Amino acid sequence: MAVFTVDFGHCLSGGDTGAGGNGYREENLTRLIGNLVIIGLRNYGHTVHAIQLDYANSVAESLNYRVNRILAINPTQSISIHINAGGGTGVEVWGDNLCKDMCNRICSNISNQFDMDNRGFKNGCEDLALVGLYGSSSIPALLVECFFIDSLADCNKLNIQKYADCIVAGILNQAVEKNNTIIEEGVKFNMKNVVVFTREFEGDGLIAQMWASALPEGIAVNNYKKIDYSKVENVYAVGGNIGTYTGYLKPENFVAGGADRWATLRNFQAKIGK
Ligand SMILES: [Zn+2]
């Protein structure tokens, strides 16, 4: 299980309040969405810490508090939630390269579910304290700008639960269902070598990533239920039981899960003869 921090972005009063528009306040919306993201992640068994500061004298004081809390907790993944402003429309997610795929999943989920512009992944290591984390390279961090609070078109589509679902689904790379909405993670392409696995934050995912990196055009995919295997040339799998996956999976391409990650790793080494 993973440890997450979910930062609510801004203070309710003082020197670091958020943006406003169309009758909404950013610092209120980020708390509403953020709390549902926390509930969503906890529903899947993960540990989640809220990073919430209601008053700061300045932006610097606010950022210092947030970054230092995150560094102290040392999460598997840091998540910061904001609403954009300044005359645009749609969603963008800032992050570091460690979580680029996660950022893109959140972007495409929100863009698809709300039918709004996908402004995509932006590397925020240099520009944003909540992504760069004062030079910490070991904690993956992302910052979601859910939509533009000064865009009436974006605000007219506001649905707090759906935003939370899109973010949770993007983080966990799996479908979640709330509000009668099913969020897909959007992995659909013609694939050459796909290594599937079932537990992203345990050893199986790491082994799958290693295996995929050694295969031509290899990718590792956690959400094995969403793959159209008829479009995959070769399917591989790590962990669980072979029957978990797909009829397209050949026994010679399956690494059985061991009693722990080291046993699985030994099974993997035996399979590939290294
Ligand atoms: Zn903001």
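Note that the structure is predicted; figures quoted are calculated from it, not measured.

Some words on the overall build of the protein
- Within the protein, the secondary structure is distributed over eight helices and 16 strands.
- On C-alpha atoms alone, the protein measures out to a radius of gyration of 20 Å, which is about the 19 Å that the 2.2 N^0.38 rule sets for 274 residues.
- Taken along the three principal axes of its C-alpha coordinates, the protein extends 60 × 40 × 30 Å.
- Out of the 274 residues in the protein, the part that is buried amounts to 50%.
- Considering only residue pairs separated by 6 or more positions, the protein has 70% of its internal contacts joining residues 24 or more positions apart.
- With the model as given, the accessible surface of the protein reaches about 12,300 Å², and the carbon-plus-sulfur share is 48%.
- Positive and negative side-chain charges of the protein, numbering 23 and 28 respectively, have mean locations separated by a distance of 7 Å.

Structural notes on the sheet that holds strand E16 (residues 254-255)
- With parallel pairing, the four strands of this open sheet are ordered in space as E14-E13-E15-E16. Edge positions in the open sheet fall to strand E14 (218-221) and E16, since each of these has one partner strand only.
- Bridging between strand E13 (residues 191-197) and E14 involves four bridges; their strand directions are parallel. For Val195, the partnering residue across the bridge sits in E14 and is Ala220.

Quick look at the side chain of Asp16
- Counting through the fold element by element, Asp16 comes out in the loop between strand E2 (13-14) and strand E3 (20-21).
- An unpaired buried charge is present at Asp16: no salt bridge exists, and Arg66, the closest side chain of opposite charge, is 4.0 Å distant.
- Within the structure, the side chain of Asp16 is placed 3.1 Å from the side chain of His10, a separation counted as a polar contact.
- Dropping the residues within four chain positions of it, Asp16 is found in contact with Gly9, His10, Cys11, Ala56, Ser58, Val59, Ser62 and Arg66.

Quick look at the packing of helix H7 (residues 203-213) against helix H8 (residues 261-272)
- Relative orientation of the contacting elements H7 and H8 amounts to 25°, with a least axis distance of 9 Å. Classed by the angle they form, the pair H7 and H8 counts as roughly parallel. Crossing hand, H7 versus H8: right-handed. When H7 is examined against H8, the residues Gly203, Asp204, Ile207, Met210 and Trp211 are found in contact with a partner set consisting of Arg261, Thr264, Leu265, Phe268, Lys271 and Ile272.
- Considered class by class, the residues forming the contact of H7 with H8 number six nonpolar, two polar and three charged.

Things to note about the packing of aromatic side chains
- Taken as a whole, this structure holds four aromatic pairs when the rule is applied.
- With a centroid separation of 5.4 Å and an interplanar angle of 65°, the aromatic rings of Trp211 and Phe268 are classed as edge-to-face. Highlighted residues: Trp211 in helix H7 and Phe268 in helix H8, separated in sequence by 57 residues.
- Put simply, the rings of Phe114, Phe147 and Tyr163 touch in pairs and so form one group of aromatic residues.

Brief notes about the domain arrangement of the protein
- When its domains are assigned, the protein resolves into domain 1 (3-183) and domain 2 (191-272).
- Computed from C-alpha atoms alone, the centre-to-centre distance between domain 1 and domain 2 is 31 Å.

Concerning the packing of helix H1 (residues 26-43) against helix H6 (residues 160-172)
- For the pair H1 and H6, the least separation of the axes is 8 Å and the interaxial angle reads 45°. In this view, H1 runs oblique relative to H6, as classed from their interaxial angle. Relative to H6, H1 is oriented so that their crossing is right-handed. Between H1, through Leu29, Leu32, Ile33, Leu36, Val37, Gly40 and Leu41, and H6, the contact on the second element is made entirely by Ile160, Gln161, Tyr163, Ala164, Ile167, Val168, Ile171 and Leu172.
- Class assignment for the residues of the contact of H1 with H6 results in 13 nonpolar, two polar and no charged.

Details of the sheet that holds strand E8 (residues 91-95)
- The six strands are arranged E5-E1-E7-E10-E8-E9 in an open sheet whose pairing can be described as mixed. Strands at the two margins of the open sheet, each flanked by one partner only, are strand E5 (47-51) and strand E9 (118-123). Sheet twist, expressed as the average angle between the axes of neighbouring strands with direction ignored, equals 20°.
- Here strand E7 (residues 77-84) runs beside strand E10 (residues 141-148); their pairing, made up of six bridges, is parallel. Counterpart to Ser78 in the pairing with E10 is Ala141.
- Against the sheet, H1 contacts strand E1 (3-7), E5, E7 and E10, and its axis sits at roughly 145° relative to E7.
- Sheet strands touched by H6: E1, E7 and E10. Its angle to E10, the strand with the most contacts, is close to 150°.

The rules we used
Each chain carries its own residue numbering, running from 1 in the direction its sequence is written. Residue-level local features of this predicted model are given only where pLDDT is at least 70; pairs of side-chain atoms are given and counted only at 80 or more, and the full residue set underlies all totals for whole chains, interfaces and linings. Hydrogens and water molecules were not included; the side-chain quantities draw on all heavy atoms of the structure. To qualify as a helix, a DSSP run of H or I must reach at least 4 residues; to qualify as a strand, a run of E must reach at least 2; elements of each kind are numbered from the N terminus. Put simply, the radius of gyration uses C-alpha atoms, and a globule should come to 2.2 Å times the residue count raised to 0.38. Throughout this description, buried means an accessible area under 20% of the type-specific maximum (1.4 Å probe, protein chains only), exposed means over 50%, and partly exposed covers the range between. Whether two residues are in contact is decided by their heavy atoms, any of which lying within 4.5 Å being enough. Residue burial considers only the protein chains on display, and all accessible areas are found by Shrake-Rupley using a 1.4 Å probe. For this count, His and the chain ends are skipped, Lys and Arg are scored as positive, and Asp and Glu as negative. We put the charge of a Lys on NZ, of an Arg on CZ, of an Asp on CG and of a Glu on CD. Strand pairing follows a simple DSSP-based rule, namely that at least 2 bridges must link the two strands. Salt bridges are defined as contacts in which a side-chain nitrogen from Lys or Arg sits within 4 Å of a carboxyl oxygen from Asp or Glu. N or O atoms within 3.5 Å of each other form a polar contact, as long as, within protein, one can give a hydrogen and the other can take it, and as long as residues adjacent in sequence are counted only when both atoms are side-chain atoms. For helices, the axis comes from a line fit to the C-alpha atoms of the stretch in contact; other axes are also lines fit to C-alpha atoms, and the angle between any two N-to-C directions lies between 0 and 180 degrees. Roughly parallel refers to an angle under 35 degrees, roughly antiparallel to one over 145, roughly perpendicular to one between 65 and 115, and oblique to any angle outside these ranges. Helix crossings fall into two classes, left-handed where the near helix is turned counterclockwise from the far one by less than a right angle and right-handed where it is turned clockwise. Put simply, Ala, Val, Leu, Ile, Met, Phe, Trp, Tyr, Cys and Pro go in the nonpolar bin, Asp, Glu, Lys and Arg in the charged bin, and everything else, Gly too, in the polar bin. Side-chain rings of Phe, Tyr and Trp, where Trp is taken by its six-membered ring, are said to pair if the distance between their centres is within 6.5 Å; with planes under 30 degrees apart they count as stacked, over 60 as edge-to-face, and otherwise as tilted. For the domain bounds, the source is a domain assignment made automatically or taken from a database.

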